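Notes for the structure review
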Amino acid sequence: MPAVFLRRWRPAAPWRRLRDVRRAQQGLARLRRAAGARALMEDEDCPDLVPIGAGGAEETESSPSRKIPVTIITGYLGAGKTTLLNYILTEQHNKRIAVILNEFGEGSALEKSLAISQGGELYEEWLELRNGCLCCSVKDNGVKAIENLMQRRGKFDYILLETTGLADPGAVASMFWVDSELGSDIYLDGIVSVVDAKHGLQHLTEQKPEGLVNEASRQVALADLIIINKTDLVSGEELNKVRTSVRSINGLVKILETQRSRVDVSNVLDLHAFDSLSGISLQKKLEHVKTTHAHLDKGIITVTFEVPGNIKEENLNLFIQNLLWEKNVKDKTGRTMDVIRLKGLVSIQGKSHQVIVQGVHELYDLEETAVAWKEDEKRTNRLVLIGRNLDKETIKEVFIATVREKQGNS
């Protein structure tokens, strides 16, 4: 049966095959079934969830038509992501943020923020905090919590969603693309990954059995912002090794360094990593990003290349689908190239503006940006791929061959 596509520009959903949608929905169902399982407890303090009374932060209704940005907060066990969210929940920053916490375990904080019905189904009790934030905790992927949260529109301007320490943030991010109803109210702003400066190098270089991806490396690969935490616990030399390891995995990511997860909240919000507003900043990043080399043979690396000229949209789709869907692009040793994250700016025939390419695992999206090509500007196509078994020259050759072959026959 031929694949069925939905060929639209924004606000359409990304390109995907029907089986990919079913797979994502099945994954969502599995995550929800696993909600009753006991989550791993991080070695971090839980926030003190205190409901506000009279005299709390002022409420100013936000526009009901405004989409709410969702930022995914991920990080390996003990890295400090719960401490980061605790800081955001208690710091006076004059921003109204709804925070969905995960992995609280069986503690008093959980009892304050999560209620379990007699039927065993989870439902959230949203608590308003003194600094104007909202908070709840869940033991699933948080999608249901966001659906319930949207009933409180006007009380918050941002959503931060914490994932479990071993979770694949790409799977969570993909759900916002697949769920069109949810996507009409919110948009994915970016993925923030917290890395432990003390133990991060050990986690990032840990070798996994054949066929398995290192969870810590995957979180770094998918991140739009990396927060290296606990820098006060390591020497300058050790910190540089962690920084180098992170950069070898993800050559495009912005890195912040901090102690006790204390960061300027504005650095975590409004990343615009998945929409056309990132076009201008992405253009500058792509000019400086370089291909990296793995510390391990099976490690995750960043590959980037540039090809001048205009390309047809159908040819670009064919290249990406062969790479992400069919997985028939192999390196020189015959290993299948596994792309975890894809970003780029391309020049599409018939389009006066640059087009941004975004991909997470098997889902990808094309969106025209606000950046117009100048009349005397040399049009070009820049792509950045993050994943395993990536070979820059092979990928570039396949890209050029796909474009030239199809254009020659058209």
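A quick note: this is a predicted structure, and the numbers were derived from the prediction, not measured.

Cut-offs and rules
- Residues numbered from 1 in each chain as written.
- Predicted model: local features only at pLDDT ≥ 70, side-chain atom pairs only at ≥ 80, totals over all residues.
- Heavy atoms only, no water.
- Helix = DSSP H or I, 4+ residues; strand = E, 2+ residues; numbered from the N terminus.
- Buried < 20%, exposed > 50% of the residue type's maximum accessible area, 1.4 Å probe, protein only.
- Contact = heavy atoms within 4.5 Å.
- Areas by Shrake-Rupley, 256 points an atom, 1.4 Å probe, with all protein chains shown as cover.
- Phe/Tyr/Trp six-rings, centres within 6.5 Å; stacked < 30°, edge-to-face > 60°.
- Salt bridge = Lys/Arg side-chain N within 4 Å of Asp/Glu carboxyl O.
- Pairing = 2+ DSSP bridges.
- Axes fitted to C-alpha atoms, helices over the stretch in contact; angles between N-to-C directions.
- Right-handed = clockwise from strand over helix to strand, strands pointing away.
- Polar contact = N/O pair within 3.5 Å; in protein donor to acceptor, adjacent residues only side chain to side chain.
- Core = buried A, V, L, I, M, F, W, Y, C linked by side-chain atoms within 4.5 Å.
- pLDDT = per-residue confidence, 0-100.

When its secondary structure is counted, the protein shows 12 helices and 15 strands. Looking at the 410 residues of the protein, the share that counts as buried comes to 55%. Across the protein, the fraction of contacts at a sequence separation of at least 24, relative to all contacts at a separation of at least 6, is 78%. Total accessible area computed for the protein in this model is approximately 18,900 Å², and 48% of it derives from carbon and sulfur atoms.

It is worth spelling out the packing of aromatic side chains at this point. The geometry of an aromatic ring pair is captured by the separation of the ring centres together with the interplanar angle, meaning the angle of the planes. Scanning the entire structure with this criterion turns up 3 aromatic pairs. Taken together, the ring pairs connect Phe305, Phe319 and Phe399 into an aromatic cluster.

Our next topic: the pattern of salt bridges. Inspection of the entire model under this criterion finds 12 salt bridges. Through salt bridges that share partners, Glu206, Lys208 and Glu215 make up one connected network.

With that settled, the discussion passes to unusual backbone geometry. In this structure, Ser261 is a non-glycine residue whose phi angle is positive, near 60°. Secondary-structure assignment places Ser261 in the loop between strand S10 (254–257) and helix H10 (279–288). Assessed through its relative accessible area of 1%, Ser261 is described here as buried. One non-glycine residue with positive phi stands out, namely Asn389, at about 60°. Turning to its location among the elements, Asn389 is positioned in the loop between strand S15 (380–388) and helix H12 (392–409).

What follows covers the pairing of strand S7 (residues 158–162). Counting buried positions along S7 yields 5 of 5 residues, so the element is predominantly enclosed. Neither face of S7 is left uncovered, since the one carrying Tyr158, Leu160 and Glu162 and the one carrying Ile159 and Leu161 both have all their residues buried.

With that settled, the discussion passes to the sheet that holds strand S12 (residues 338–346). Spatially, 5 strands are ordered S11-S15-S12-S13-S14 in an open sheet, and the strand pairing comes out antiparallel. This sheet does not close on itself; its edge strands, each paired only once, are strand S11 (300–308) and strand S14 (363–372). Pairwise comparison of adjacent strand axes, ignoring direction, gives a mean angle of 15° for this sheet. The pairing of strand S13 (residues 353–360) with S14 spans 7 bridges and is antiparallel. Along S14, the bridge assignment pairs Ile356 with Glu367. Packed on one face of the sheet, helix H9 (residues 236–249) meets S11 and S15 and runs near 50° to S11.

Taken together, the 4 bridges between strand S9 (residues 225–229) and S10 define a ladder with parallel strand orientation. Of the residues in S10, the one forming a bridge with Ile228 is Glu257. Remark: the S9/H9/S10 crossover connection has right-handed handedness.

This part takes up helix H8 (residues 215–222). Of all 8 residues in H8, 8 are buried; the element is thus mostly enclosed. Where H8 starts, the residue carrying a side-chain oxygen 2.9 Å from the main-chain nitrogen of Ala216 turns out to be Asn214.

If you look at the biggest cluster of nonpolar residues, it comprises 44 residues, and the most contacted ones within it are Ile146, Phe156, Ile159, Phe176, Ile186, Ile226 and Val246. In terms of nonpolar packing, the next biggest core, distinct from the first, is built from 27 residues, Val303, Val355, Leu385 and Ile395 among them.

Our focus in this paragraph is the environment of Glu368. Along the polypeptide, Glu368 turns up in strand S14. Look at Glu368 and you get partly exposed, because its relative accessible area is 27%. It is 8.0 Å that separates the C-alpha atoms of Glu368 and Lys351, two residues lying 17 residues apart in sequence. Only 3.5 Å separates the side chain of Glu368 from the backbone nitrogen of His353, close enough to count as a polar contact.

For the rest of this paragraph, the subject is the confidence of the model for the protein. Here the protein averages 75 in pLDDT, while 66% of its residues score no lower than 70. Low pLDDT (under 50) marks residues 16–60, which in the prediction has 92 contacts with non-local residues, meaning those over four places away or in another chain. Predicted confidence for residues 103–124 stays below pLDDT 50, and this span has 54 contacts to residues more than four positions away or in other chains.

Further remarks concern the side chain of Asn229. Relative to the elements of secondary structure, Asn229 occurs in strand S9. At a separation of 3.1 Å, a polar atom in the side chain of Asn229 contacts the main-chain carbonyl oxygen of Ala79. A polar contact of 3.2 Å, which involves the side chain of Asn229, links it to the backbone nitrogen of Arg260. Those residues within four positions of Asn229 in sequence are excluded, and the remaining contacts are Ala79, Gly80, Val194, Val195, Asp196, Ala197, Thr258, Gln259, Arg260 and Ser261.

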